[in-house]
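Coordinate analysis (summary)
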Amino acid sequence: MVVAMTAVFTALLTVVWRAGGTGPGEKYSGFVPDPPVLSVESGFYDEPFRLEIRAPEGARVYYTLDGSLPDENGILYTEPFWMTAGEETEPDETFIQNMQVDWMEKEGESHPKTAAVIRACAVYEDGRVSEAVTATYFVGENPYRDKLVVSLVADPEDLFGENGIYVTGKDYDQWYLGDQNGPMPVPNFLQRGEEWERPGVVELFQGESILQQKAGLRIQGASAREGQNKRFSVFARKQYGGSGWFESFPFGGGSVHSFMLRSGFMNGYIQQLVQDRDVAAAESREAVAYLNGALWYITIAQEKYSGKYFQAHYGVDDDNVIIVKAGELESGEEGDMALYQAVYDFLDTHDMALPSSYEGLDRLMDIQSYIDYSCVNVYFANLDFNETKNTLCWRARKTGHGEYEDGRWRWALYDLDLENLDYGVPVEEINTFTTDTHYAGGAFNTRPMYRALKQNPEFCRQFVLSFMDMVNTDFTVERASRVMEDWGVTIQWWGMRPDWAETFFPARTEAVTGHLAEEFQLTGSCESLELSVNYPGAGRILLNTIEPDLSRGGWSGRYFTDYPVTVTALPREGYRFMGWKSPAWDKMEREAVLTVEIPPGGICLEAVFEKIGQRSISEEALKGRTGR
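All values derive from a computational prediction rather than experimental measurement. (Residues numbered from 1 in each chain as written. Predicted model: local features only at pLDDT ≥ 70, side-chain atom pairs only at ≥ 80, totals over all residues. Heavy atoms only, no water.)

1. Re unusual backbone geometry
One non-glycine residue, Asp102, lies in positive phi territory at about 55°. Look at Asp102 and you get partly exposed, because its relative accessible area is 39%. Notably, Asn390 is not glycine yet its phi reads approximately 50°, a positive angle. By secondary structure assignment, the location of Asn390 is in the loop between helix H8 (367-379) and strand E22 (392-396). (Buried < 20%, exposed > 50% of the residue type's maximum accessible area, 1.4 Å probe, protein only. Helix = DSSP H or I, 4+ residues; strand = E, 2+ residues; numbered from the N terminus.)

2. Here's the deal with the packing of aromatic side chains
Per the stated rule, a full pass over the model turns up 58 aromatic pairs. On the basis of an interplanar angle of 15° and a centroid distance of 6.4 Å, the ring pair of Phe463 and Phe467 is categorised as stacked. Of this pair, Phe463 and Phe467 are both found in helix H10 (residues 457-472), four residues apart, which corresponds to roughly one turn of the helix. Phe467 gets classed as buried once you look at its relative accessible area, which sits at 2%. Between Arg128 and the ring centre of Tyr124, over which it is positioned, the NZ or CZ distance is 4.8 Å. The lysine or arginine in question, Lys454, covers the ring of Phe520, its NZ or CZ lying 5.4 Å from the ring centre. (Phe/Tyr/Trp six-rings, centres within 6.5 Å; stacked < 30°, edge-to-face > 60°. Lys NZ or Arg CZ within 6 Å of the ring centre and 35° of its normal.)

3. Concerning the side chain of Asn386
By the secondary structure assignment, Asn386 is in the loop between H8 and E22. Asn386 gets classed as buried once you look at its relative accessible area, which sits at 14%. A polar atom in the side chain of Asn386 sits 2.8 Å from the backbone nitrogen of Lys389. With residues up to four places along the chain from it excluded, the contact list for Asn386 reads Thr391, Ala440 and Arg447. (Polar contact = N/O pair within 3.5 Å; in protein donor to acceptor, adjacent residues only side chain to side chain. Contact = heavy atoms within 4.5 Å.)

4. Some remarks on the nonpolar core
Within the largest apolar cluster, 108 residues are counted, with the highest numbers of intra-cluster contacts made by Phe380, Trp500 and Phe505. It is H10 that provides the largest number of residues to this core, a total of nine residues. Setting aside residues no more than four positions away along its own chain, Phe505 makes contact with Tyr269, Leu273, Tyr379, Phe380, Phe475, Val477, Ala480 and Trp500. In terms of nonpolar packing, the next biggest core, distinct from the first, is built from 34 residues, Leu148, Ala215, Ala236 and Phe251 among them. (Core = buried A, V, L, I, M, F, W, Y, C linked by side-chain atoms within 4.5 Å.)

Structure below.
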């Protein structure tokens, strides 16, 4: 059993893990000598195998099995040896005691070592030490073989030693085990910044190894740092591995600068569900995390928001991105907060009921992004956010020609774990607009920005239509189930019923549309809107902020009669738009962009296209066609 503790209390528990030793390049500069070669690559193996380590000419090989960097103080390699889930010389469990305050009163944290990690280096006769090679082996039956597996390898001393990032640390433990005079030192796991980042290696597997790269590791999260099973942030940095990006990451096929291993099924799932909206939503995957061969937890691997994230997704240079998180500057330069404060200054000094004020505000912030951000939080009854908590927005500092270089603030979905507090009603029935919460300091409809914007009729129209657009697309049972399947999540692992999507979304939609009507004092009814095209594949239809899926011949949704909807017909190549028709109309409407009232009983609209070169469809022929 491994016990990772500081030197202060070695008398209490035995420390088994060794310090890592000197890393490559620390003793010698100049040419880096060739590393050894492992005969077997990282991966999953059904049976134990003999591992051979081939040394460069004129060098001896030393290796470690605990994640520490090898040097001449490691295990001298002499002959091939059997590789199993763990070596007999290594403990089969990782145990950490001092990773919480009052750790002597806690049970500690144990993780079974079910994978083998080897790190090997070549030591030459002249004292030169090569770069270390690292491999992770999963030997025997493994239930996670088809999952995304994240293997983190780092020196145990960097994690659990006196200055380790996972534990309370030397200063705290001296105070804790002493007379506790003076203020309590900050535990290591609550420290932040690059000073508390440690070098390591990350390897990703999906049946086989898909990425191995040196990286920086930090403890991730806010209050989660204080508990067990701490989460990690993982950073690609040039000083570690020659690249500032993880190029082969299973997040939508793009490069990723950093990601985090964090708890929270809903935080990951909701963001996957609304990737189509005008709000940043980080890609994620369910993952199984190992640390130095020990099974750590089942978690969510998710992109981190950073300047590089917005560069990759929105085309704004990293050094031109300002990020404000929880009302404070997260990334930017001195003076950038003034640009954020300018939004609130505008709200304070302008009558938002006026169209000119609304237009002026839209030049400072992307109002649609704010609406989408708000709609998501309202729908899922997130009661743990406000304008200065669990909120993140960003903009380009300098304007340019790119779509997102207009200098407007935009929002990003952030920390959607959702507190499961008892508010006297099932979560599906919570009225997010009006429910007060001690976490967020008041109900959603008391927030300054929302209250100011709600004075404007155009904002009310945009909010209601956008909300119903999302209800009719992103929050349907069909889409919710499909995203769940594509996401590859094992829902039972998260304590949720297999039929959760089929039961939650209908119940939530029924309740929340009623809340929406109350909040915006809607007096009309909620009626059906049916859309179709005359020829499959002849064209597309845009509806408000969405593009309905017409692949099955038609689409239907529900909208309040209080606000008209806007439909836009877009012909595909080889076709031209002829007009809109409806059984309720006497003649066809020729405008491609049409604003339509939703009458009691609903309405059916058909976009009529004709193939270019075909004889024009006559008005009489159109009248003779059977409407739905």
